[in-house]
Structure formats: structure tokens, C-alpha cells
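One letter stands for each residue in the lines below.
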Amino acid sequence: MECIVNRRAQFSASHRYWFPELSEAENIEKFGACANFPAHGHNYVLFVSLEGELDEYGMVLNLSNVKQVIKREVTNQLDFSYLNDVWEEFQETLPTTENISRVIYKRLSPYLPITRVQLFEHPQLWADYMGNSMEAYLTVSTHFSAAHRLASPKLSNEENFEIYGKCARPHGHGHNYHLEITVKGEIAERTGMLVDLGALNKVIDDYVVEPFDHTFLNKDIAYFAEVVPTAENIALYISNILNQPIAELGATLYKVKLIESPNNSCEIYCTTQKSNSSMMTQDEPVLVRL
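This is a predicted model, so every value here is computed, not measured. Here the residue numbers are simple positions, counted from 1 along each chain's written sequence. At least 70 in pLDDT is required for a residue's local features to be given in this predicted model, at least 80 for side-chain atom pairs to be given and counted, and no such filter applies to totals for whole chains, interfaces and linings, which use all residues. Heavy atoms throughout the structure, all of them, feed into the side-chain values; hydrogens and water do not.

Just give me the short version of the overall build of the chain, but keep the residues and values in it.
Numbering of helices and strands starts at the N terminus; helices are DSSP runs of H or I of at least 4 residues and strands are runs of E of at least 2. Helix and strand counts for the chain stand at nine helices and eleven strands. For the C-alpha atoms alone, the extent of the chain along its principal axes is close to 65 × 60 × 35 Å. Residue burial in the chain is summarised as follows: out of 290 residues, 48% are buried. Residues count as neighbours in contact if any of their non-hydrogen atoms are within 4.5 Å of one another. The long-range share in the chain, meaning contacts at least 24 apart out of those at least 6 apart in sequence, stands at 66%. Methods summary: accessible areas were calculated by the Shrake-Rupley approach with a probe of 1.4 Å, and residue burial reflects only the protein chains presented. Total accessible area computed for the chain in this model is approximately 14,900 Å², and 49% of it derives from carbon and sulfur atoms. Only four residue types enter the charge count: Lys and Arg as positive, Asp and Glu as negative, with His and the chain ends excluded. In plain terms, the charge of a residue is placed at NZ if it is Lys, CZ if Arg, CG if Asp and CD if Glu. Side chains of the chain give 23 positive and 38 negative charges; the mean places of these two sets differ by 4 Å. Burial status follows relative accessibility: with a 1.4 Å probe on protein chains alone, a residue under 20% of its type maximum counts as buried, one over 50% as exposed, and anything between as partly exposed.

Describe the pattern of salt bridges, listing the residues and the values that go with them.
Salt bridge, as applied in this entry: a Lys or Arg side-chain nitrogen positioned within 4 Å of an Asp or Glu carboxyl oxygen. Enumeration according to the criterion identifies seven salt bridges in this entry. Here E73 makes a salt bridge to R72, at a shortest N to O gap of 2.7 Å. According to the relative accessible area criterion, E73 is buried, its value standing at 13%. Residue R72 is classed as partly exposed on the basis of its relative accessible area, which comes to 44%.

Before we move on, could you go through the pairing of strand β5 (residues 125–129) and cite the residues and values that matter?
Most of β5 is tucked away: five of the five residues are buried. Residues of β5 alternate between two faces, with L125, A127 and Y129 on one and W126 and D128 on the opposite face, all of them buried. A pair of strands is labelled paired if DSSP reports no fewer than 2 bridges between them. With antiparallel pairing between neighbouring strands as the criterion, strand β4 (residues 114–122) and β5 make up a hairpin whose turn holds two residues. Relative to strand β6 (residues 135–148), β5 is paired through four bridges, and the arrangement is antiparallel. When the sheet's bridge partners are listed, W126 is paired in β6 with T139. Between β5 and β6, which pair antiparallel one after the other, the connecting turn spans five residues, and G131 there sits at a positive phi close to 85°.

Help me get a handle on the state of the cysteines, residues and values and all.
In what follows, a disulfide is any cysteine sulfur pair within 2.5 Å. Tallied over the full model, the rule gives zero disulfides. Summary of cysteine pairing: C266 is not part of a disulfide, and the nearest cysteine sulfur, belonging to C270, is at 12 Å. For C266, a relative accessible area of 0% corresponds to the buried category.

Help me get a handle on the packing of aromatic side chains, residues and values and all.
Only the six-membered ring of Trp is used, alongside the rings of Phe and Tyr, when aromatic pairs are assigned; centres must lie within 6.5 Å, and planes under 30 degrees apart are stacked while those over 60 apart are edge-to-face, with the rest tilted. Using the criterion set out here, one finds 15 aromatic pairs in the structure. The interplanar angle of 75° and the centroid separation of 6.0 Å between the aromatic rings of F47 and F120 together place this pair among those described as edge-to-face. With F47 in strand β2 (residues 40–53) and F120 in strand β4, this pair connects stretches of sequence that are 73 residues apart. Cluster of aromatic residues (ring-pair linked, three or more members): F144, Y177, F212, Y223, F224 and Y237. Over the ring of F216 we find K219, and its NZ or CZ is 5.3 Å from the ring centre. Here, over-ring charges are defined by two tests on the NZ atom of lysine or the CZ atom of arginine: distance to the ring centre within 6 Å, and angle to the ring normal within 35 degrees.

So what's going on with the nonpolar core? Residues and values would help.
Working definition of a nonpolar core: buried Ala, Val, Leu, Ile, Met, Phe, Trp, Tyr and Cys residues. They are joined through side-chain atoms within 4.5 Å. If you look at the biggest cluster of nonpolar residues, it comprises 68 residues, and the most contacted ones within it are I104, I181, F212 and I238. The greatest single-element share of this core, amounting to nine residues, is contributed by helix α9 (residues 231–247). Excluding residues within four positions of it along the chain, I104 makes contact with F11, L46, V74, L78, W87 and V117. Within the second largest apolar cluster, five residues are counted, among which are Y17, F19, F31 and L94.

Tell me about the side chain of T191, residues and numbers included.
Position of T191 relative to the elements: it lies in the loop between β7 (173–186) and α7 (197–212). Only 3.2 Å separates the side chain of T191 from the backbone nitrogen of M193, close enough to count as a polar contact. If we ignore the near neighbours within four places in the chain, the residues touching T191 are F19, K30, T93, L94 and T96. Any pair of nitrogen or oxygen atoms within 3.5 Å is treated as a polar contact; in protein, a donor-acceptor pairing is required on top of that, and neighbouring residues in sequence qualify only through side-chain atoms on both sides.

Have a look at this one:
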């Protein structure tokens, strides 16, 4: 029986987004504060996923051996380093989160049956790389606070209470929503980026966080005047309003995850199948409730 196991590691390192062929003003215009001298640092958290058959001892691999490989090939070399200089790959392509994950995968794959590298630059930004050439995934997380009432305008109060219980109470209730947006794209050969992170954050702020934050969704977002703002419908709506602006940045919206509470969350995976719904003018999402 095949199984995937995950090993966690961490390292602290600094990096700088800087092209020597550009002037200081040009670098600052292109990379913002990330171009500041001498550099800036992060406490990186690394997850390495490994796949294989269970052996007679009930293991895919001896994780003590895996730990030593990761230390030898990655963390001992990167910990307390200046990433731009430590590995030759980062002199060709900048050490962005997505490119670091790609290079770590490349360096570990001769020694381990690796299927994925997930690298957290900080808790609100991480990348996934699965060994597919220059393709990677980048996730940013944010939050907004909003109230909603689960009640269909097409049903009576009694019917709504029967379906939604106390969530149908007329004055609504609120949540601190946690939102994760994952985009997919090709890592650029020179910049190491699959998308302009500043532009991506601005799109999410402009289209979601600012319009949604501190609102009563049923009343303040026109779409939810007719559609019940369940976590699923909110995530579906977000996926559709972000699809096109993210495509204009040169990336593809891959997943929207909305965490309504510690107990309830849902995920929307975007596919290329077209929908007949008037709302879904882009790709049709696939819903997973967690």
C-alpha cells in the first residue's frame, strides 16, 4: 500500500530582490522594499512530502534518515545564510519563496522519493512545488470580518429556521473569516516569481477584503440579496470575482479556501469546465467542504 509521509524542517535566512544590471531606482521600482540594502530575513518552515510503499516495519522511510538528508542537503546549507549567494541557482533566478521550493525539490530528489515541497516564508505566504518543470503554486492568506444571515428570500421564516436553524435569526451573526487564495503559474526564469505578489495582494484587497470587511453580507453585497451567504456560496462568489483579475496578472486562480470558524471551512478548486450558470462566466469551481 502506497502512503505519503511529511517531514518538517526549518531554517532562518535572508534574501534580497536585486538585479545588478539595473540601477538602484529601477530595482526599487521593480521590487519595492524587497530591494532594500542589505537584505531582509525570514524564519522559513519547510515540509517535504515523500511517497512509497509501506515496508515490513510499517514505514515508508526511516524518518531519522530523512531528517539527516534534509539537514545535509538543505537546512545546514541555508540556515543563517544570505540566499542570493549560497546556491548557484539563486544567482541565476532570485530566491523567491516559489523558486526556493523548486530548488529544494531539485536538490532532494536524487536522495528521496519526493512528491512535494511546501515552503512557508511566513504564516500568510507559502509556496508548493511538485516537480513539474517551472510550475508552482503560491498561496496568500488574509482575513475579513462580516455578518450574515442564512435565509433564502424565497422561503418563509418557518422554512428557513427548519433548514438553517439559529443561523436564520433575523438580525444575523458574524464571523472573522480567514481566506486563502492559491494561484498557479510558471516561475519566471529571471525573477523567480510566478506572479507579482504586490499586485496579487492588491487584487485580493480591492475585490474582496475592502468590499467585504465589516459588512452585513446579505444587505451590503448585492449578490447575496438573492443568494444565501453560506461559506460555500461566499467562497464560490470570491472565486468568480477573482478569476479574471488574477488571469490578467499572468497567473491562474487554483483554489479559494474560506475558513468560517475553527470547525467549518470549505475549498473551491477551479477547473476548465465551463458552467451554464449566469454567474460563472469563468471556469466552473469544484466545492469541497471541510
